[in-house]
Structures are given as C-alpha cells and as structure tokens.
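Summary of the model geometry
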Amino acid sequence: MVKRIAIFGSTGSIGTQALDVISAHADKFSAEVLTAQSNHELLIQQALKFNPNCVVIGDDKKYHLVKEALASTDVKVFAGEKALEEVAAMDCYDMMLAAIVGFAGLKPTLQAIENGKAIALANKETLVVAGDIVMQKALEKRVAVIPVDSEHSAIFQCLVGEGRNKIEQIILTASGGPFLGRKPNYLVNVKRDHALQHPNWAMGAKISIDSATLMNKGLEMIEAKWLFNLKPDQIKVMVHPQSIIHSMVQFEDGSVKAQMGLPDMKLPIQYAIAFPQRIPSDFPRYDFKKPNTLTFEEPDLRTFRNLVLATEALHKGGNMPCILNAANEVAVYAFLRNRIGFLDMTEVVEQALNKVAFIEKPSLQQYYESDGEARTFAASLIQM
Ligand SMILES: NC(=O)C1=CN([C@@H]2O[C@H](COP(=O)(O)OP(=O)(O)OC[C@H]3O[C@@H](n4cnc5c(N)ncnc54)[C@H](OP(=O)(O)O)[C@@H]3O)[C@@H](O)[C@H]2O)C=CC1
Ligand SMILES: CC(=O)[C@@H](O)[C@H](O)COP(=O)(O)O
Ligand SMILES: [Mn+2]
C-alpha cells in the first residue's frame, strides 16, 4: 500500500530532499500535502509534478498566484497560517513530515498528532519549545514520532531491538561547524556568508547558523531528552568533524552502538518515512578503504557559549528551552540580515533567559506567551 505523506515545509532543504526520496519510491509513497511560506514558484512546480491532494501557501497574498497556476488541476489550494492547522486536521494523508523551520512548525505538528497521524520529525524546535506536551499528546493518541534529525535518527536506529535495556548515556556528535577551532577574537568579525558555509551538510539558513554557533547541538540535546526520555546528565556532546558517526548510544553494560554513513539527509528522511522497513537506496556509500580518520574532541565551551546556555536551559527545564529558542530565532534572523554580529547572538539569548519569568510547568498557552515575550524582548535589544 502507498503511504501518503504530508510534507509541511516542502520547499525547504528537508522538504525537497523528501520529494526526491518519494520520487525514487513512487510505488511506496505519495506526496499528498505540500506547504511553503513564500516560495510560491517552487510550490507550484512541486504541485504540478506530484499532484497532491492540497497545497498551503503561508503568505496569503500569494494565494491567487498559486490558485491560478493550479487551475487546470484538482489540487486544493489553501493560504495563511491557520490553514496549516486546518490541513493537518484533514484525512488525506497517513504521515506528516514536519519540515517547517522554527516555532511555526509546532501548531501544525500538534494538530497532526491530535488527528492521530504518524510524525516524521525534522522540526526540532517543536520539541525544544513544548516537548513535554507534544510527547504526552503522542502517547495519548498512540502516535509514533520518528526522528529525522540525523543524530536522533542515529540514536533511534541504535535503539531498535534494545527493548527495555537501559541507556547509560547518549553521545550526540557535532561537526563543530565552519568555525571549529576559532576563538572569539575571530568570531567577532564573521559575516553571514561565511557562517552559512557548513563543512559537511547543505541545509537551510537558520539551522546552518545554529550549527555555526553550536546552538544546534544545544537544541538537539533538548530534542533528545524528549524523544528518548533521558535525564539531562545522560546527554553528552562530542565534536566529530567528519560527520560520519551520526551519534552513539552507550548502554549500562558499557557497550557503545554507533550509526554511521556519509552525511546525506536523504537517508534519515527515507528511514523515517519507511519505518519499520529499510528500503533500498542508491545514496553514495562510505568507503572504508579510503584513508579516513575519524576524530573526536570536547566542544570548546568558552568560545561557543550557546551550548552552555542550552545545557543550562535543559537542566532548568520549564519554559527555559522555549525562551532560549524564541530569542535564538530572533537573533539568528537578525544576524542573517546583518543587523547584529555573530557573538551578539549569544548575548541576546542570555539576556532573554535572564529576563523572561521562569515557569516550572507551563501550559501550552504559557509556552506561547513565553515565546512571545522572549521574542519581543530579544527584538527590543536588537533595535537598540
Ligand atoms: N536541512 C537539514 O539538513 C536539517 C534540518 N533539520 C530541521 O528541519 C527543519 C527544516 O529545516 P530546513 O529544511 O533546513 O529549513 P529551510 O529553511 O530550508 O526550509 C523551511 C521550510 O519551512 C517553510 N517555512 C519557513 N517559515 C515558515 C513559517 N513561518 N510558516 C510556515 N512555513 C514556513 C519554508 O517555506 P519557504 O521555502 O516558502 O520559505 C520551507 O518550506 C528545521 O527545524 C531544521 O532544524 C534537522 C536536521 C537537518
Ligand atoms: C544534518 C543534521 O542533522 C544537522 O543538524 C547537522 O547535524 C548539523 O551539524 P552540526 O550541528 O553537527 O554542525
Ligand atoms: Mn542534526
């Protein structure tokens, strides 16, 4: 039977790679929902190629352009932020690939879980903001949340077959980003184009900057806590500049399992949508005959302070990760617009964490409010 996939964020880095996977396995998957925020041209092209049940364009000023271009098809066209939730509540799909970037991915993902749909989760911010509520809802609705993020896919793969065997710790690998080994006196002057050049992965702008500041690894520690029900002390980070080992699990007997492969997001995307099956692929294979050295080192926490802030937020819990995420989103987009410097991003996040009131057990509404407060505060710092 063909699995019907709803790709929320189909025009992004994950979304377009997911469509490549679906094309290569048209006997197994169909793309039934496609969504974009503003890239209507690509959304139209994708809709003409994949003939989904419906598309959503977030920017409602572009509704007529999309509607007109798809007039000769039977693709339904929706627009605006609310439409993402309305479509997530529909029955035209079996699994949502949550590939919207940032906080904007949370509401449609929650709606899909409410609707009993399986989730292939790329959007890590969903769990950073409200991981307790999202995972509790998934449990209640008996919905599987399969990670797409490469590290979490690696851990998930290492855990298959382990049943109730106890995890001692997980080791998230970090590439170190484009500024591995650099010090603050260098980072103070770096600009967006340099920061966007990830050494191993071609990704969207926001996650590329997060990788450069190591915030990405901090967000991933929080993501791992919720996905695998771990205590903060069980989550370690090691820099592994080659990005061949995607992460590791150490069990209570000391045994370590790792998942390896060339850095290519198509593999974790395919794994998540095909789970529990593995299906063939022609992705390039890692060549053990080449003189490759795999190295590991501790992250430089004096330089990359975002990882410290995220670890503190992980330990403190409550709405701290939500505040961290919101301030970070504001800071990253300000950096991308050349409004603030590379090191200022950490300052903005730190000040927001100190400013917005701590709530130990927030409701969903309180998460939204904390997100809003942190954004307003972070934006006020940047305007100064
Ligand atoms: N790229 C990667 O390799 C990896 C990504 N991830 C995670 O996956 C998610 C997606 O990342 P990536 O594909 O790189 O991001 P991109 O920026 O490449 O794509 C983001 C997608 O979300 C849409 N979008 C952006 N803003 C909004 C909004 N406010 N409302 C609705 N839709 C929106 C974009 O539409 P439009 O094109 O119109 O702007 C686009 O389709 C992120 O959470 C990231 O952390 C995790 C691991 C690896
Ligand atoms: C591909 C992927 O999952 C990214 O999150 C990637 O891990 C970023 O690399 P680093 O954050 O390790 O630089
Ligand atoms: Mn990752």
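Residues numbered from 1 in each chain as written. Chains lettered and ligands numbered in written order. Predicted model: local features only at pLDDT ≥ 70, side-chain atom pairs only at ≥ 80, totals over all residues. Heavy atoms only, no water.

Scanning the protein chain from N- to C-terminus turns up 16 helices and 11 strands. For 384 residues, the compact-globule estimate of 2.2 N^0.38 gives 21 Å, and the protein chain sits close to it at 20 Å. Across its three principal axes, the protein chain shows a C-alpha extent of roughly 60 × 55 × 40 Å. Taken over 384 residues, the protein chain has a buried fraction of 55%. Taking contacts inside the protein chain between residues at least 6 apart in sequence as the whole, the part at least 24 apart equals 68%. In the protein chain, 40 side chains carry a positive charge and 43 a negative one; their mean positions are 1 Å apart. (Helix = DSSP H or I, 4+ residues; strand = E, 2+ residues; numbered from the N terminus. Rg over C-alpha atoms; globule rule 2.2 N^0.38 Å. Buried < 20%, exposed > 50% of the residue type's maximum accessible area, 1.4 Å probe, protein only. Contact = heavy atoms within 4.5 Å. Lys, Arg positive; Asp, Glu negative; His and termini not counted. Charge placed at Lys NZ, Arg CZ, Asp CG, Glu CD.)

As a further point, take the sheet that holds strand 1 (residues 3–8). Ordered in space as 4-3-2-1-5-6-7, the 7 strands form an open sheet in which the pairing is parallel. Each of the sheet's edge strands pairs with one partner strand only, and the pair in question is strand 4 (76–79) and strand 7 (145–147). Across the sheet, the mean angle from the axis of one strand to that of its neighbour is 20 degrees, orientation sign disregarded. For strand 2 (residues 29–36) and strand 3 (residues 54–57), the ladder comprises 4 bridges, and the chain directions are parallel. Of the residues in strand 3, the one forming a bridge with Val 33 is Cys 54. (Pairing = 2+ DSSP bridges. Axes fitted to C-alpha atoms, helices over the stretch in contact; angles between N-to-C directions.)

Counting through the fold element by element, His 198 comes out in the loop between helix 9 (192–195) and helix 10 (205–213). Classification of His 198 as buried rests on a relative accessible area of 12%. Polar contacts involving the side chain of His 198 include one to the side chain of Ser 175, which spans 3.2 Å. (Polar contact = N/O pair within 3.5 Å; in protein donor to acceptor, adjacent residues only side chain to side chain.)

Now for the domain arrangement of the protein chain. One can read the domain layout of the protein chain as domain 1 (3–147), domain 2 (151–261 + 284–302) and domain 3 (317–384). Computed over C-alpha atoms, the centres of domain 1 and domain 3 are 26 Å apart. The interface of domain 1 with domain 3 comprises 12 residues on the first partner and 13 residues on the second. By the criterion of area lost to domain 3, the three top residues of domain 1 are Phe 103, Val 128 and Val 129, representing 47% of everything that side buries. Our count for the domain 1 to domain 3 interface comes out at 1 salt bridge. Among the secondary structure elements, those contributing two or more residues to the side of domain 1 that touches domain 3 are helix 5 (106–114) and helix 6 (125–140). The leading source of residues in the side of domain 1 that touches domain 3 is helix 6, at 6 residues. (Domains from an automatic or database assignment. Buried area = accessible area lost by both parts, 1.4 Å probe. Salt bridge = Lys/Arg side-chain N within 4 Å of Asp/Glu carboxyl O.)

This part takes up the packing of aromatic side chains. This model, assessed by the stated rule, comprises 8 aromatic pairs. Centroid distance Phe 179 to Phe 342: 5.2 Å. Interplanar angle 85 degrees. Geometry classified as edge-to-face. Taken together, the positions of Phe 179 in the loop between strand 8 (167–174) and helix 8 (184–187) and Phe 342 in the loop between helix 14 (320–336) and helix 15 (344–355) put the pair 163 residues apart, joining distant regions of the chain. Of the two residues, Phe 179 and Phe 342, both sit in the buried class. (Phe/Tyr/Trp six-rings, centres within 6.5 Å; stacked < 30°, edge-to-face > 60°.)

Annotation from UniProt places "binding site: Mn(2+)" (unreviewed entry) at Asp 149, Glu 151 and Glu 220. Spanning 72 residues, the annotated positions come together in the fold, the maximum distance between their C-alpha atoms being 8.4 Å. Considering the arrangement of structural elements, one finds Asp 149 in the loop between strand 7 and helix 7 (150–159). Residue class for Asp 149 comes out buried when judged on its relative accessible area of 7%. Not counting the four nearest positions on each side in its chain, Asp 149 is found in contact with Leu 121, Lys 124, Glu 220, Glu 223 and Met 265. For Asp 149, the side chain forms a polar contact with the side chain of Lys 124, separated by 3.0 Å. For Glu 151, a relative accessible area of 7% corresponds to the buried category. The contacts of Glu 151, once residues within four sequence positions are left out, are Leu 172, Thr 173, Lys 217, Glu 220, His 246 and Ser 247. (UniProt positions renumbered as here; feature names shortened; annotations may be inferred.)

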